[in-house]
Amino acid sequence: MTTDLNQFPQLDKTKFEQRGIQLEIGVPVTCAVSIGNYIAAGFGDGTIRIFSSGEKHKTLKAHKGVILCMAKDGDNILTGGDDGYFLKISLNGEINEVTNFGSRWVDHVAAHNGNLVCSSGKVVYYWDKNKKEPKSLNHDSTIGGLAFDAKGRRLAVSRYGGVTVWKKDYSNKWKSTKLDWKGSHNKVSFSPDGKYLVTSMQENVLRCWRLKDKLDFAMSGYGSKVKSFAFIDDTSYLATSGAIDAICWPFDGEGPMGRKPICLPYIGNKQVTFIEPFPDEKAIFAGLSDGSVFLSQIENENNTIIIRSFTGSEVSAIAMTDDKSSIFIGDMSGNTLWTSIWDQ
Amino acid sequence: MENKHQVPVTVLTGFLGAGKTTLLNRILTEQHGQKYAVIVNEFGEQGIDNDLVVDADEEVFEMNNGCICCTVRGDLIRILSGLMKRADKLDAIIVETTGLADPAPVAQTFFVDQDVANKTKLDAIVTVADAVHLSSQIEDHHEAEEQIAFGDVILLNKIDLVKDENIDVVTKRIRKINPFAKIIKTTKCGAPLKEILNLDAFSLKRILEVEPDFLESDHDHEHDDDVTSLSFVSDKPLDMEKFQNWFGKLLQTKGQDIMRTKGILDFKGENDRYVFQGVHMLMDASPMGKWPDDKERSSRLVFIGRNLETMNLKEGFEACKSE
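Just so it is clear, the structure is predicted and the values come from calculations on it, not from any experiment.

What follows covers the overall build of chain B. Of the regular secondary structure elements, chain B holds 10 helices and 14 strands. The buried share of chain B, taken over its 323 residues, is 43%. Within chain B, counting contacts between residues at least 6 apart in sequence, those at least 24 apart form 75% of the total.

Structure representation (structure tokens):
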């Protein structure tokens, strides 16, 4: 798995591009998730494309407008759109409406073990898998992100002024605790070990809470907003976009406080715009603002290979199949690459 | 590298009942061959049903950057980023603000948020004013005054219901607050859309083209908290360093009271014209090419805001003139 980086920036196709399938859809790729060995990708015109190896991809018309968010629910795809629909879609193309908010956008969706959530404006709607009607969880400001913890017991809701963490108590009533920090919080995630909660903010900074004692701290120094981050190899690292390097904060042991991040540089000094973990490895896919995508080992910056070359458009989605055989890459101009990772 | 096509965004403001919804309905229904998205307030006057209408909740928040003026519209950042993912490209976006909202956070969002600034640009602030009620609204509500102060275009609406001499009175009142806005007199907001949208009023180039009322003005004082304007002209070149010191400090300390500034500056030893414009503390400035041969070089500067008379603006400006 090595490519001579000195050849860059010649616009030769990478071997992944040569053997993969490249499409020019012409509308932004907004999201992608893996479902088993399938990848579902959402687009700005409301279509979904489902990729699997050995088959031609399938195109579904799901929403009337932009697909704003996507999650997986077992073997199904959940999507929210600017047409106000929250949909559940099976891999063979069956589309079911979970709900419809009319002119209000469905901004975020998530699922755990058959329980579904979405947010629209300031309200989170929670569908218990055994119930038809959702429970509404209200907040004072518009919701910036949603995330379950690994066990699905806690639901984090980021918003202006911090995060609300919802949990059902023993009598099955929803209880919330608040983690406050001034400012607007967007994407939110629990660490896989459940010890930390991280948000990316409207400013060029991440905020983190250690949940056992609510100690909070910032991870800063970014040149732009951190729009994408992911925990790597369980809770070994938090890899983040928002700089010309992929910034990887160590989360093992006592966590990142007082420790320096590892900065993985890429050729061309372009901003990193998307981060996707390579499952179970200390390795990441980093997508850049010029459309190029690299795979790097965090603890060995020399071990970086180029997966996709320059397209001129910001990488907005990367997803790898669960068997780690293939990846999907999409950008804001609708250029996509679907390719196997391993040499035959 | 990336093609920087920025969708123009018009901010539509004005008091309840002035005619904003009439204008929005025109924008959405007229056969103009353009694709416009309209971001309306959730408590808007009446429902407009259209796929291109987005509900917003006017969530204003402060940036954590220590600048007290940096309030921005969080909902707008989210909505604009969503609209930029659409398959069909928009020709323009119109943001309606409620009658009581301060338009400054909307304008500031375009200066402060990098993603918003990359993909969209503030085109103009359009204020719809009710010719019948404006005078009393200005007396009773500081928001009405502020909306006039921020406007690049003011649609003086419902003039069919007002006598000519009263229109003159209202127009003079507007001019006193805002000398550079273009005033369009309308009934039922019937101005051609090309006079309202895609004006590029925030581009520095436009400041050179639109000759505002740069007449040197003396402040005549009525109420302490009135929004007024002051302008200054100098035929003597300015000292760049002195000006930067004075103006920087002024915006830093008085930026909350200074709502808008615009100016064209002639610096000693510089061949280029310098053009700037600001909203509160945030400013955009750039050299704009050489002075035209047929034009006298001079520096002109306009302030719109509150308590301007306490800021010693005249003295400050005079002191910037080169030796």
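This next bit is on the overall build of chain A. When helices and strands are counted, chain A shows one helix and 30 strands. Scaling as 2.2 N^0.38, a compact globule of 344 residues should have a C-alpha radius of gyration of about 20 Å, and chain A matches this with 19 Å. Its C-alpha atoms give chain A principal-axis dimensions of about 60 × 50 × 30 Å. Within chain A, the proportion of its 344 residues that are buried is 50%.

Of all nine residues in helix α3 (residues 104–112) of chain B, eight are buried, a share of seventy percent or more. Listing the buried residues of α3(B) in full gives B:Ala104, B:Pro105, B:Val106, B:Ala107, B:Gln108, B:Thr109, B:Phe110 and B:Val112.

Taken together, the contact pairs 18 residues of chain B with 25 residues of chain A. The element that contributes the greatest number of residues to the side of chain B that touches chain A is helix α2 (residues 74–83) of chain B, accounting for three residues. For the side of chain B that touches chain A, a count of residues per class yields five nonpolar, five polar and eight charged.

Moving on: α2(B). Each α-helix winds once per 3.6 residues, and so residues spaced three or four apart point in a common direction. The buried fraction of α2(B) amounts to nine of the 10 residues, a majority that puts the element mostly inside the structure. The complete set of buried residues in α2(B) reads B:Gly74, B:Asp75, B:Leu76, B:Ile77, B:Arg78, B:Ile79, B:Leu80, B:Gly82 and B:Leu83.

What follows covers the domain arrangement of chain B. All names here are of chain B. We note that the domain assignment places domain 1 (7–203) and domain 2 (211–318) within chain B. Across the boundary between the two partners, domain 1 contributes 18 residues, which contact 19 residues of domain 2. Going through the elements one at a time, α3, α6 (142–150) and α7 (164–177) are the ones with two or more residues in the side of domain 1 that touches domain 2. If one sorts the elements of the side of domain 1 that touches domain 2 by residue count, α6 sits on top with five residues. For the side of domain 1 that touches domain 2, the per-class residue count stands at 12 nonpolar, three polar and three charged.

Residues and elements named next belong to chain A. On the basis of which strands lie adjacent, the open sheet formed by four strands has the order β10-β11-β12-β13 and antiparallel pairing. What marks the edges here is a single partner per strand, and that holds for β10 (108–112) and β13 (135–138). Between one strand axis and the next, the sheet turns through 20° on average, direction left out of account. The pairing of strand β12 (residues 123–127) with β13 spans four bridges and is classified as antiparallel. Residue Val123 lies in a different strand from β13, and its bridge partner there is Asn138.

It is worth spelling out the nonpolar core at this point. Core analysis: the largest hydrophobic core is formed by 98 residues, its most contacted members being A:Ala40, A:Val109 and A:Ala286. Once residues lying within four places of it in the same chain are set aside, the contact partners of A:Val109 are A:Cys69, A:Met70, A:Ala71, A:Leu78, A:Thr79, A:Gly80, A:Phe86, A:Val117 and A:Cys118. Formed by 79 residues, the second largest nonpolar core is a distinct cluster that contains B:Leu24, B:Val95, B:Val153 and B:Phe267.

Attention shifts here to unusual backbone geometry. Residue and element names in this part refer to chain B. Positioned with a positive phi, Lys188 is a non-glycine residue whose angle comes to about 50°. Along the chain, the position of Lys188 falls in the loop between β9 (182–185) and α8 (204–209). Backbone geometry at His280 places phi at a positive 50°, although glycine is not the residue there. Secondary-structure assignment places His280 in the loop between β12 (272–279) and β13 (282–290). Residue His280 is classed as buried on the basis of its C-beta count, with 25 C-beta atoms lying within 10 Å.

Let's shift gears to the confidence of the model for chain B. In this model, chain B carries an average pLDDT of 85, and 88% of its residues clear a pLDDT of 70 or more. Scoring the predicted complex yields pTM 0.87 and, for the interface, ipTM 0.88.

This next bit is on the pairing of strand β9 (residues 95–100) of chain A. All names here are of chain A. Pairing geometry for strand β8 (residues 85–90) and β9, over five bridges, is antiparallel. Its bridge partner being in β9, Ile89 is matched across the sheet by Ile95. Here β8 folds back onto β9 in antiparallel fashion, the turn holding four residues, of which Gly93 has a positive phi close to 100°.

What follows is about the sheet that holds β9(B). Residue and element names in this part refer to chain B. Across the sheet, which stays open at both edges, the seven strands sit in the order β3-β2-β6-β1-β7-β8-β9 with parallel pairing between neighbours. Taken across any chain shown, the strands that pair with only one partner, and hence form the sheet edges, are β3 (53–56) and β9. Direction aside, the axes of adjacent strands within the sheet are offset by 25° on average. Alignment of strand β7 (residues 120–130) against strand β8 (residues 153–157), held across five bridges, turns out to be parallel. Along β8, the bridge assignment pairs Val126 with Val153. Relative to β3, α2 is tilted by about 155°, and along the sheet it contacts β2 (36–41), β3, β6 (92–96) and β7. Sheet strands in contact with α3 are β1 (7–14), β6 and β7, and its direction is about 170° off that of β7.

On to the environment of B:Lys158, then. All names here are of chain B. Tracing the sequence through the fold places Lys158 in the loop between β8 and α7. Take Lys158: there are 23 C-beta atoms within 10 Å of it, and that puts it in the buried class. Expressed as a C-alpha distance, the spacing of Lys158 and Ala129, which sit 29 residues apart in the sequence, is 8.5 Å. Contacts of Lys158, omitting those with residues within four sequence positions, involve Gly19, Asp130, Ala131, Val132 and Thr187.

Thresholds applied
Residues numbered from 1 in each chain as written. Chains lettered and ligands numbered in written order. Predicted model: local features only at pLDDT ≥ 70, side-chain atom pairs only at ≥ 80, totals over all residues. Helix = DSSP H or I, 4+ residues; strand = E, 2+ residues; numbered from the N terminus. Buried ≥ 20, exposed ≤ 12 C-beta atoms within 10 Å, placed from the backbone. Contact = placed C-beta atoms within 7 Å. Rg over C-alpha atoms; globule rule 2.2 N^0.38 Å. Nonpolar A, V, L, I, M, F, W, Y, C, P; charged D, E, K, R; others polar. Domains from an automatic or database assignment. Pairing = 2+ DSSP bridges. Axes fitted to C-alpha atoms, helices over the stretch in contact; angles between N-to-C directions. Core = buried A, V, L, I, M, F, W, Y, C linked by C-beta atoms within 7 Å. pLDDT = per-residue confidence, 0-100.

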